[in-house]
Amino acid sequence: MADGIGKVTVIGSGTMGNGIAHVCAQSGLRVALVDLEESYLERARATIEKNLDRQVKREILSAGERDAALGRIEFTTDRGVGVEGSGLVVEAIPERAELKYELFSDLDRLAAPETILATNTSSISITEIAACTERPEKVIGMHFMNPVPVMKLVEVIRGLATDDATTATVMELSRALGKTPVEVNDYPGFVSNRVLMPMINEAVFALMEGVAETEAIDTVMKLGMNHPMGPLALADLIGLDTCLNILEVLHRELGDDRYRPCPLLRKYVAAGWLGRKSGRGFYRYEG
Ligand code: NAI
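Worth saying up front: this structure is predicted, and the values here are computed from it rather than measured. (Residues numbered from 1 in each chain as written. Predicted model: local features only at pLDDT ≥ 70, side-chain atom pairs only at ≥ 80, totals over all residues. Heavy atoms only, no water.)

Asker: Is there a simple way to think about the overall build of the chain in this case?
Answerer: Helix and strand counts for the chain come out as 13 helices and 8 strands. C-alpha atoms of the chain, sized along the principal axes, occupy 55 × 45 × 35 Å. Considering the chain as a whole, with its 287 residues, one finds that 48% of them fall into the buried category. Partitioning the contacts of the chain with sequence separation of at least 6, the portion at a separation of at least 24 is 65%. Accessible surface computed for the chain: about 13700 Å², of which carbon and sulfur atoms make up 52%. Of note, the chain has its 31 positive side-chain charges centred 5 Å away from the centre of its 41 negative side-chain charges. (Helix = DSSP H or I, 4+ residues; strand = E, 2+ residues; numbered from the N terminus. Buried < 20%, exposed > 50% of the residue type's maximum accessible area, 1.4 Å probe, protein only. Contact = heavy atoms within 4.5 Å. Areas by Shrake-Rupley, 256 points an atom, 1.4 Å probe, with all protein chains shown as cover. Lys, Arg positive; Asp, Glu negative; His and termini not counted. Charge placed at Lys NZ, Arg CZ, Asp CG, Glu CD.)

As structure tokens, then:
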């Protein structure tokens, strides 16, 4: 199947985009990785190299396979060049609806009519993104998890108009990437964040109300529920601003106060305590 797609274009080379390019190239696909500036692409290339090297050290890949994978990735700031000859475009730019709408309308113009346009969005409506194009049946959610080379799940989200052929192609391609795809429908937060974010939010309420300290809350969930990470440590990993954004989408779109973001979460974000990326969230991080 990977052969049927031929080439994959990944738009946005940040945390998620470089991981998606990495797994596609590793499974034998040609990849174009697109970003706004050369310096971002250089950073992405360095990250992919570092992650491939780690796989060589762990004997998951040979040195030859690493070099071949890297050789399959073209790095470009030219969107038009990037999508040329591509069977699938996966968008991984920041989680802002207006940016995605503009990009999809442009991709619709640039890409061949048969090209599938996928988005890695965590919470924005696939149906609304699809409505910015003339090919809503070929627009789909392909929600990879962080870190992409390690995590097995791809949540495949059907917009209202997504057709069966597009869904089947993306499910099959996800398997060819060594992932386990799960098909879900387009609803705010899909399944992953609809279930995860209220749990994280409740953990923050428990902290705010003094039910227990940070470490205690996380230890209860790790040892008691067998979660590999506690919810507060996980929120720090995801980014507290991202968690707040997703909760706001759930609250607004579902119109139910059970998704109301905890005031303590808002306070942390307002203070710039965003988790690992800023060095401080519910925990402190050195360096
Ligand atoms: P990021 O901020 O690390 O990377 C975004 C990249 O897109 C940046 O390099 C930026 O320069 C580039 N970019 C912005 N506008 C562009 C444009 N018009 N054309 C080309 N490149 C452009 O963001 P991250 O974390 O990789 O997130 C990307 C998407 O993946 C978001 O929709 C996010 O919700 C979703 N996501 C993020 C996860 C995470 O744990 N970070 C997990 C699952 C999904």
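Asker: Before we go on, may I ask you to explain the sheet that holds strand S3 (residues 73–76) in this structure?
Answerer: Strands belonging to one sheet form pairs held by backbone hydrogen bonds; the direction of such a pair is parallel or antiparallel. Overall, mixed pairing links the 8 strands, which are arranged S3-S2-S1-S4-S5-S6-S7-S8 in an open sheet. If you trace the sheet from one side to the other, it starts and ends with S3 and strand S8 (180–185), each paired once. Taken over all neighbouring pairs, the strand axes of this sheet differ in orientation by 25° on average, direction set aside. With 4 bridges connecting them, strand S4 (residues 88–91) and strand S5 (residues 116–119) associate as parallel partners. Its bridge partner being in S5, Glu91 is matched across the sheet by Thr119. Each of strand S1 (7–11), strand S2 (30–34), S3, S4 and strand S6 (139–144) is contacted by helix H2 (residues 15–26), which is oriented at about 170° to S2, the strand it contacts most. (Pairing = 2+ DSSP bridges. Axes fitted to C-alpha atoms, helices over the stretch in contact; angles between N-to-C directions.)

Asker: Sorry if this is basic, but what is going on with helix H10 (residues 214–225) here?
Answerer: Each α-helix turn comprises 3.6 residues. Residues three or four places apart therefore point the same way. The first and last C-alpha atoms of H10 sit 16 Å apart over 12 residues, in line with the 16 Å expected at 1.5 Å per residue. Along H10, the residues classified as buried are Thr214, Ile217, Asp218 and Met221. Buried residues of H10, viewed axially, fall in a sector of 95°; they line one side. Set apart from the buried face of H10 by more than 90 degrees, the exposed residues are Leu223 and Gly224. In the core, the buried residues of H10 are packed alongside helix H9 (192–208) and helix H11 (231–238). Phi turns positive, to about 65°, at Asn226, one or two residues after H10. (Expected span 1.5 Å × (residues − 1). Arc of directions from axis to C-beta.)

Asker: Got a minute to help me understand the nonpolar core in this structure?
Answerer: Generally speaking, a soluble globular protein has its nonpolar side chains buried in company with each other. Grouped together as the largest cluster of nonpolar side chains are 36 residues, with contacts concentrated most on Ile20, Leu33, Leu88, Met142 and Phe144. Of all the elements, H2 adds the most residues to this core, at 6 residues. The next biggest cluster of nonpolar side chains, apart from the first, holds 22 residues, and it includes Ile217, Leu240, Cys243 and Tyr268. (Core = buried A, V, L, I, M, F, W, Y, C linked by side-chain atoms within 4.5 Å.)

Asker: Would you explain the domain arrangement of the chain in this entry?
Answerer: How big an interface is tends to be expressed through the accessible area that disappears when the partners come together. Here the chain is partitioned into domain 1 (2–185) and domain 2 (193–278). A separation of 28 Å is found between the C-alpha centroids of domain 1 and domain 2. (Domains from an automatic or database assignment.)

Asker: How do you make sense of the state of the cysteines when you look at a structure like this?
Answerer: Structurally, a disulfide amounts to a covalent bond that connects the sulfur atoms of two cysteines. Inspection of every chain in the model, using the stated rule, returns 0 disulfides. This cysteine, Cys262, is not joined by any disulfide, and Cys243 carries the nearest cysteine sulfur, 12 Å off. (Disulfide = S-S within 2.5 Å.)

Asker: For this particular structure, what's the right way to read the site of the ligand?
Answerer: Not every one of the 21 residues close to the ligand is listed here, only the nearest: Met16, Asp35, Glu95, Lys100 and Ser122. Asp35 is positioned with one of its side-chain polar atoms (N or O) 2.6 Å from an oxygen atom of the ligand. Isolated, the ligand exposes 830 Å² of accessible area, and the fraction of that covered by the protein chains is 81%. Of all the secondary structure elements, the ones that give two or more residues to the shell around the ligand are H2 and S6. (Near = heavy atom within 4 Å. Polar contact = N/O pair within 3.5 Å; in protein donor to acceptor, adjacent residues only side chain to side chain.)

Asker: So what exactly am I meant to see when it comes to the packing of H9 against H10 here?
Answerer: Where H9 contacts H10, the two axes come as close as 9 Å, and the packing angle between them is 140°. Compared by their axis directions, H9 and H10 come out oblique. The handedness of the crossing between H9 and H10 is right-handed. Touching Met199, Ala203, Ala206 and Leu207 of H9 are Thr214, Ile217 and Met221, all from H10. Along the lines of polarity and charge, the residues of the contact of H9 with H10 split into 6 nonpolar, 1 polar and no charged. (Parallel < 35°, antiparallel > 145°, perpendicular 65-115°, else oblique. Left-handed = near helix turned anticlockwise from the far one by under 90°. Nonpolar A, V, L, I, M, F, W, Y, C, P; charged D, E, K, R; others polar.)

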